[in-house]
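# Examining the three-dimensional arrangement
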Amino acid sequence: MNKSFYGSLALSNIKKNAKNYVPYMLTCIISIMIFYIMAAIVQNPDVTKLLGGTTLKGLLGFGCGIVGIFSAIFLFYTNSFLIKQRKKELALYNILGMAKRHVGKVFFLETLITSLVSMAAGLLGGVILGKLAFLLVLKVMQVTLPMKYTFSLSAALMTILVFGIIFFVVLLCNLGRIRLSNPIELLAGGRQGEKEPKTKWILVLLGAAAMGTGYYLALSIVSPLQALMNFFVAVILVIAGTYLLFTAGSIALLKMLKKNRKFYYKTEHFTAVSGMLYRMKRNAAGLASICILSTMVLVTIATTVSMQVGVENVIDKNMPNDIQIRSYEKMNKKQQQELQFQVMDKMKEYNIDVDQMIEYDYLSAAGVKEPGNLTPSPQVALDKKIVEMYVIPIEGTSLETKYGPLAEDEIIVGGDEPITESTIKLNGVTFNVKDGESSFVTAPELGTMAELYYVLVASEKVKKQVFKSSNDQSLMNEGYYIGLDVSDSSKDQAAAAAKSLSKETPGGIRVEEKTMAAADFHGIYGGLLFVGIFLGFLFLVATVLIIYYKQITEGYEDSERYHIMQKVGMSQAEVRKSIRSQILLVFFLPLIVAVVHVAGSFNMMSKLLRALQLTDIWLFVICTAVTILVFIVIYVIVYSLTAREYYKLVK
């Protein structure tokens with residue numbers, strides 16, 4: 001045959017199957033574009049110069065890996081839809097005299113054309129939109145310095161390599177299918193349905209057990225550490241349970257509906273139930289995939305948006321003062337005064353106006369909170385709330401004016417959770433709670449996952465009493481803290497002063513400055529938001545494409561059944577009502593289950609957010625609710641558009 005014949009045939013096939021190929025190519029383009037944008041930012045040398053830039057590069061590198069893996073899995077999945085629709089066509093080529101190698105050559109050219117077009121369009125889109133994405137990253141990280149964004153050859157080559165491998169492996173799989181099939185199988189492949197499946201109660205029970213165990217793990221979590229330990233196990237169990245219940249549980253449910261004569265023998269229910277039951281084995285995998293992807297979209301967007309919205313609160317919680325100096329070793333009064341003089345001399349050296357300075361001794365310990373008790377503990381159980389407590393004497397400090405006086409048996413407690421008890425034991429010593437909801441905060445250890453409690457006591461004598469009452473005094477650490485708030489005109493010099501002071505102080509003293517810590521938090525939270533938006537968008541595109549292909553595939557299959565139902569006496573209105581009820585049930589079931597999954601994961605995700613310092617539960621509730629509402633609107637729009645295509649096909 002003429003070599004140009006294969007090329008012409010390949011182009012003609014792509015045009016004739018545009019309804020199937022265009023969505024597939026759009027998905028490839030979007031995946032390539034997202035991968036390139038992330039890789040280009042990672043490869044940008046200016047990013048490492050940013051405060052928090054190293055963290056951002058690590059997060060985006062992780063995002064690139066997720067995009068590459070997900071794209072490979074998803075493109076293999078959607079390719080199976082394309083092959084099913086093409087089986088009849090490819091069989092006709094065999095019957096008309098084309099050898100399998102000739103069919104394979106046509107298939108190779110089709111893949112080559114679609115891959116090159118997708119790669120070129122994806123890279124072009126990545127280059128054009130990359131500048132916008134880079135500016136968005138700088139905006140999220142609150143960077144005001146001018147930064148350059150240029151085309152990254154290394155990122156482009158990495159993108160070509162990753163997606164070139166994906167397209168090549170997809171092609172090999174398709175050629176293998178053609179080689180192993182015969183024309184008769186291919187001819188029937190496009191129209192093959194599923195036999196009425198049997199109810200597999202073992203799979204139903206396994207699915208229910210996996211789902212129940214996953215929910216139990218998620219709902220019973222009480223600490224961030226426990227959430228980190230159980231996260232992947234709970235996710236895998238829920239995913240497995242979802243697939244098993246959609247596959248076996250849906251069949252069991254439909255058969256129960258079929259046995260219910262009052263429900264089943266109604267026109268709209270009879271055809272809908274029988275139609276879904278007939279091909280539910282294949283349908284269920286697609287529905288479960290839609291459900292899991294929808295859950296991933298909701299959780300990813302809700303958590304990353306919550307973190308970004310709440311980042312300023314997190315910064316203020318960790319850095320209540322502009323400059324913080326902490327000694328991790330006990331200091332006597334002379335050493336404390338020497339450190340104070342050193343700090344103030346450094347402020348004068350950099351012409352920094354100090355608005356306020358607070359300083360105090362403290363006693364810190366990690367432990368557990370139980371009703372009526374705050375107890376240091378060397379080993380914290382996963383099923384107990386992990387706490388970090390700071391015991392601070394106010395006598396002789398600037399805190400005494402605001403919070404004093406205190407009797408020796410009285411305490412004031414501030415922190416993440418209010419103390420509602422009238423009395424509480426602190427390391428075995430009983431105190432009356434004067435105020436259990438104080439607004440007082442101090443600087444916790446950066447990166448702590450524990451619930452924080454700041455306990456103000458009357459004097460150094462009371463602090464020593466708490467310290468000496470411990471069975472193991474090594475569990476408690478004595479330290480010293482200085483916090484400085486500087487004037488607005490001095491904030492620009494504060495970072496340089498803190499760096500200089502940090503170099504001059506001993507190793508047991510840590511100096512922190514608010515703008516530098518804020519940059520790290522913006523790097524982490526901004527990077528997570530950026531990755532979350534891109535991954536959420538990619539998951540959303542995947543969800544829409546699976547829905548679209550599902551509607552198109554079923555539209556072709558139902559077209560003949562639609563006409564048969566009319567021929568046996570059903571009116572067009574009855575047929576339309578029957579199909580509409582089937583579509584609504586199949587279409588919105590994954591959405592309902594996805595929302596249930598999000599609700600079930602809420603406790604676990606809130607604990608994971610606490611591990612990242614976000615403790616505002618109501619903020620997470622609001623962001624989750626808004627994300628769900630927006631997603632439902634998008635989902636309904638997708639339903640309306642794809643249902644319209646479905647009705648066109650069946651008519």
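Provided above is the structure to which this section pertains.
Below, the structure is looked at part by part. (Residues numbered from 1 in each chain as written. Predicted model: local features only at pLDDT ≥ 70, side-chain atom pairs only at ≥ 80, totals over all residues. Heavy atoms only, no water.)

The subject of this paragraph is the overall build of the protein. Counting its regular elements, the protein contains 18 helices and 10 strands. By sequence separation, contacts in the protein at least 24 residues apart represent 84% of the contacts at least 6 residues apart. Accessible area of the protein: about 30400 Å², with a carbon and sulfur share of 64%. (Helix = DSSP H or I, 4+ residues; strand = E, 2+ residues; numbered from the N terminus. Contact = heavy atoms within 4.5 Å. Areas by Shrake-Rupley, 256 points an atom, 1.4 Å probe, with all protein chains shown as cover.)

Turning to its location among the elements, Leu175 is positioned in helix 5 (residues 153–180). When the C-alpha positions of Leu175 and Phe108 are compared, they lie 8.3 Å apart, and in sequence the two are 67 residues distant. Among all residues touching Leu175, those that are not within four sequence positions of it are Gly104 and Phe107.

So, about the packing of helix 12 (residues 333–349) against helix 15 (residues 491–504). Interhelical geometry of helix 12 versus helix 15 gives an angle of 140° and a closest axis separation of 10 Å. Comparing their axes, helix 15 and helix 12 come out oblique. At the point where helix 12 passes helix 15, the crossing takes the right-handed sense. Seen from helix 12, the contacting residues are Gln342, Val343, Lys346 and Met347; seen from helix 15, they are Ala497, Ser500, Leu501 and Glu504. Its residues placed into classes, the contact of helix 12 with helix 15 shows four nonpolar, two polar and two charged. (Axes fitted to C-alpha atoms, helices over the stretch in contact; angles between N-to-C directions. Parallel < 35°, antiparallel > 145°, perpendicular 65-115°, else oblique. Left-handed = near helix turned anticlockwise from the far one by under 90°. Nonpolar A, V, L, I, M, F, W, Y, C, P; charged D, E, K, R; others polar.)

Along strand 6 (residues 423–426), the buried face is formed by Ile424 and Leu426; none of Thr423 and Lys425, which line the opposite face, is buried. One ladder, built from two bridges, connects strand 3 (residues 373–376) with strand 6; its direction is parallel. In the strand pairing of strand 6, Leu374 is matched with Leu426. For strand 6 and strand 7 (residues 429–438), the ladder comprises four bridges, and the chain directions are antiparallel. Residue Lys425 lies in a different strand from strand 7, and its bridge partner there is Thr430. (Buried < 20%, exposed > 50% of the residue type's maximum accessible area, 1.4 Å probe, protein only. Pairing = 2+ DSSP bridges.)

Considering the arrangement of structural elements, one finds Asn318 in helix 11 (residues 311–318). Asn318 gets classed as buried once you look at its relative accessible area, which sits at 0%.

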